[in-house]
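Here is what each chain is made of, one letter per residue.
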Amino acid sequence: MRNGKRVYEHYSPKIIDENWDVIVIGSGMGGMSCSAALSKLGKKVLLLEQHYVPGGFTHMFGRKGHVWDVGVHVMGEMTEGEIPYKMLMWLTNNEVTMNSLGDPFDSFYFPHGYTFHMPEGSQKLIDSLKAQFPDETEKIDRYVKMVRKADMVSKSFFLFQTLPLWLEKALAKVWYGIFPNYWAMTTEEVVASFNFSKNLKLALTAHWGYYGSVPKESSFGVHALTHTHFWNGARYPQDGAKVFAESMLSNVLNNGGKVLTKASVNEVIVEDGKAVGVSMKDGREFRSKYVVSAAGARTTVNRLIPESYRQSDWAKKIRAIDDSPPYLCLNLAFKGDIRAAGARSGNQWLYTIENNDTQLWDMGNPDERPHLLYVSFPSLKDPNHDSGPDMMHTGECVTFVDWKEFAKWQHTQFGDREPDYEALKKNIEERMLAELRLRIPDIMQHLEFSELSTPLTAQHYARASQGAIYGLASTPERFICGELRVRTPIRNFYLSGVDVASVGVISGMTSGILAATAIDKRAYLRLL
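None of these values were measured; they are calculated from a predicted model.

Novice: Mind showing me how you'd approach the sheet that holds strand β17 (residues 392–400) here?
Specialist: Sheet strands pair via backbone hydrogen bonds, and the direction of the pair is either parallel or antiparallel. Spatially, the seven strands line up as an open sheet ordered β8-β7-β15-β16-β17-β14-β18, and their pairing is mixed. The outermost strands of the open sheet, each flanked by one partner alone, are β8 (115–118) and β18 (447–453). On average, each strand axis in the sheet is tilted by 15° relative to the strand beside it, whichever way the strands run. Sheet topology note: the strand β7 (residues 106–109)/β8 ladder contains four bridges and is antiparallel. Within β8, the position partnered with Tyr109 by the bridge is Thr115. Along the sheet face, helix α15 (residues 419–439) touches β7, β14 (327–335), β15 (347–351), β16 (372–376), β17 and β18 and points at about 130° away from the line of β18.

Novice: Just checking my understanding: could you explain the packing of aromatic side chains for this structure?
Specialist: Within a pair of aromatic rings, the relevant descriptors are the distance that separates the centres and the angle that separates the planes. Counted by the stated rule, this structure contains 33 aromatic pairs. Arg6 extends its terminal NZ or CZ atom over the ring of Tyr8, reaching a point 4.1 Å from the ring centre. When the ring centre of Tyr421 is taken as origin, the NZ or CZ atom of Arg417, which lies over that ring, is 5.5 Å away.

Novice: I would appreciate a short explanation of helix α11 (residues 297–304) in the present structure.
Specialist: Three- or four-residue spacings in an α-helix give side chains the same orientation, since the helix completes a turn every 3.6 residues. α11 sits mainly inside the fold: six of its eight residues count as buried. All of the buried residues along α11 are Ala297, Arg298, Thr299, Thr300, Val301 and Leu304. Buried residues belonging to α11 abut β2 (20–25), β11 (265–271), β13 (285–293), α12 (307–310), α13 (313–319) and β19 (493–495).

Novice: Would you explain the nonpolar core in this entry?
Specialist: The tendency in soluble globular proteins is for nonpolar side chains to be buried as a group. Leu88 and Phe244 are the most contacted members of the largest nonpolar core, which totals 137 residues. Sort the elements by how many residues they give to this core and helix α19 (residues 505–519) lands first, with nine residues. Among all residues touching Phe244, those that are not within four sequence positions of it are Met29, Met32, Thr58, Met75, Leu88, Val96, Met98, Pro237 and Leu249. Counting residues in each nonpolar core, the second largest holds 31 residues, with Met363, Ile428, Ile443 and Met444 among its members.

Novice: Would you explain the side chain of His66 in this entry?
Specialist: With respect to the helices and strands, the residue His66 is situated in strand β5 (residues 66–69). Classification of His66 as buried rests on a relative accessible area of 3%.

Novice: Even after reading the chapter, I still don't get the pairing of β7, so can you show me in this structure?
Specialist: Side chains on a regular strand alternate between the two faces of the sheet. Taking the residues between adjacent antiparallel strands as the criterion, β7 and β8 are bridged by five residues, where Gly113 takes a positive phi near 100°. For β7 and β15, the ladder comprises four bridges, and the chain directions are parallel. Its bridge partner being in β15, Tyr109 is matched across the sheet by Leu350.

Novice: Before we go on, may I ask you to explain the packing of helix α4 (residues 137–154) against helix α9 (residues 220–229) in this structure?
Specialist: The angle between the axes and the distance between the axes are what describe a pair of packed helices. Running from amino to carboxyl end, α4 crosses α9 at an angle of 105°, the nearest separation of the two axes being 9 Å. Taken together, the axes of α4 and α9 lie roughly perpendicular to each other. On the side of α4, the interface is formed by Tyr143, Met146, Val147, Ala150, Asp151 and Ser154, while α9 contributes Phe220, Gly221, His223, Ala224, Leu225, His227 and Thr228. Of the residues belonging to the contact of α4 with α9, the class tally is seven nonpolar, five polar and one charged.

Novice: What is the right way to read unusual backbone geometry from this model?
Specialist: Keep in mind that most residues, glycine aside, have a negative phi and that most peptide bonds are trans. A cis amide bond links Asp103 with the next residue in sequence, Pro104, at an omega value of 5°. As for its placement among the helices and strands, Pro104 is situated in the loop between β6 (98–100) and β7. Positive phi, close to 55°, is recorded for Asn195, a residue that is not glycine. Within the secondary structure, Asn195 is located in the loop between α7 (187–192) and α8 (198–205). The residue Asn492 is not glycine, and still its phi comes out positive at about 65°. Along the chain, Asn492 turns up in the loop between α18 (476–479) and β19.

Novice: Would you explain the pattern of salt bridges in this entry?
Specialist: Side chains that differ in sign of charge can pair as their charged atoms come close. In the structure shown here, the tally under the stated rule is 26 salt bridges. Put simply, Lys155 and Asp151 hold a salt bridge, and the shortest N to O gap is 3.5 Å. Owing to a relative accessible area of 14%, Asp151 belongs among the buried residues under this scheme. Ionic contacts of the salt-bridge type, sharing partners, join the residues Lys43, Asp520 and Arg522 into one network.

Parameters and conventions
Residues numbered from 1 in each chain as written. Predicted model: local features only at pLDDT ≥ 70, side-chain atom pairs only at ≥ 80, totals over all residues. Heavy atoms only, no water. Pairing = 2+ DSSP bridges. Helix = DSSP H or I, 4+ residues; strand = E, 2+ residues; numbered from the N terminus. Axes fitted to C-alpha atoms, helices over the stretch in contact; angles between N-to-C directions. Contact = heavy atoms within 4.5 Å. Phe/Tyr/Trp six-rings, centres within 6.5 Å; stacked < 30°, edge-to-face > 60°. Lys NZ or Arg CZ within 6 Å of the ring centre and 35° of its normal. Buried < 20%, exposed > 50% of the residue type's maximum accessible area, 1.4 Å probe, protein only. Core = buried A, V, L, I, M, F, W, Y, C linked by side-chain atoms within 4.5 Å. Parallel < 35°, antiparallel > 145°, perpendicular 65-115°, else oblique. Nonpolar A, V, L, I, M, F, W, Y, C, P; charged D, E, K, R; others polar. Salt bridge = Lys/Arg side-chain N within 4 Å of Asp/Glu carboxyl O.

These figures capture arrangement, not role.
So this is what it looks like as structure tokens:
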């Protein structure tokens, strides 16, 4: 609730059908932003969410008086004048406050003793790198110049997606005839051309975890945009990420729309090549002029479109793109002064390897330590957090794993899985805790309890394909796939969510406005 008003209700067969302008499937950031944008432009929207609360990976949950964010750890481009910030303020009616994580906002610790702190501000970053690597200042200048150019060139990718396919292909041919297509290059390909020293290469590629693909696999376009995304520092929403749903979805209600949870969609209804509504799991139908799926591109082509479209070239090409790696999240609860023990609002990246080439932790090897632990303290990021007399705080620890380690349980029910799954979870949790006690011992002395979330959790609550919360992998194959776009071959049916944009919360928000522009061109003004 925000301002005392609940922004959703549970689905019931008694819900009265109405004349909907737009039906949106999925209430992650892409679905919420699309629904909010269209509602603010006068459309009557029905937003359907299969989970019991809206928000996707922006929702929050609690245990024993502690509260965690599910997927929002940090957001960039959230300062006055930046376009994503202006978009967010418009969608949330200026109700959300974004607070700085401080300076530095990220710290990367490598086992051979090299530590890199990410400062707030692009010039401070450049100065810091040159101070550390005085013999490579010319290389740093050339690299930053390339990142700026890639940022400029690559952003056209998002606008092209809103155009008819024939027009996008024509413009892209001209555009990439003039400029390099950085989406088609790997990060390793570009970085290797500079012949950086080992530690400088680490510093420039250490943030791969923000989009989930290591340099040898990732598109340099997304790597460059991640650089520029954080050049003015990092922010976190005051009162936690739940404020996004509370503020955005109030727009849907204010314009006569509805947000329904526990509302599982069975299929998009297509008649004469045009989307005209959706059928629900209970057989009921809702009709509308337009339909938007924010459920993920793979989930959409595998489960939501009619069978006659599932084997189309469009669906096959989307299905051919790999998923991003799933991750484990160890939720931590503390009692005591963790700030005095070394915790802070900035994030810590704890590496056990001396490169950025290894993506997944091989849990099957009992001797292998997690190669990367991303550690964050949500309660320290929010100035409104009330720790109380017991000084209650929260932490989160993330690492990437292979889906095959969990695939055998993918058809089991949440809360009713076999003992061997529970044994695996316990083993993983103990190994992660052991690593944390080794790396941040003073903080871990205040640990009260912990709870592990596996890729099956993401699959259950968000229908994430193979538990991949970043959606499709951030590879060149993904970004040069012409079929992966807002517009689909089905008339009046559109895609939203991170798969059609980049990766992360801001990308999800952008994708929602991109989908809105395909329905109402007035939304273009919010992208400028």
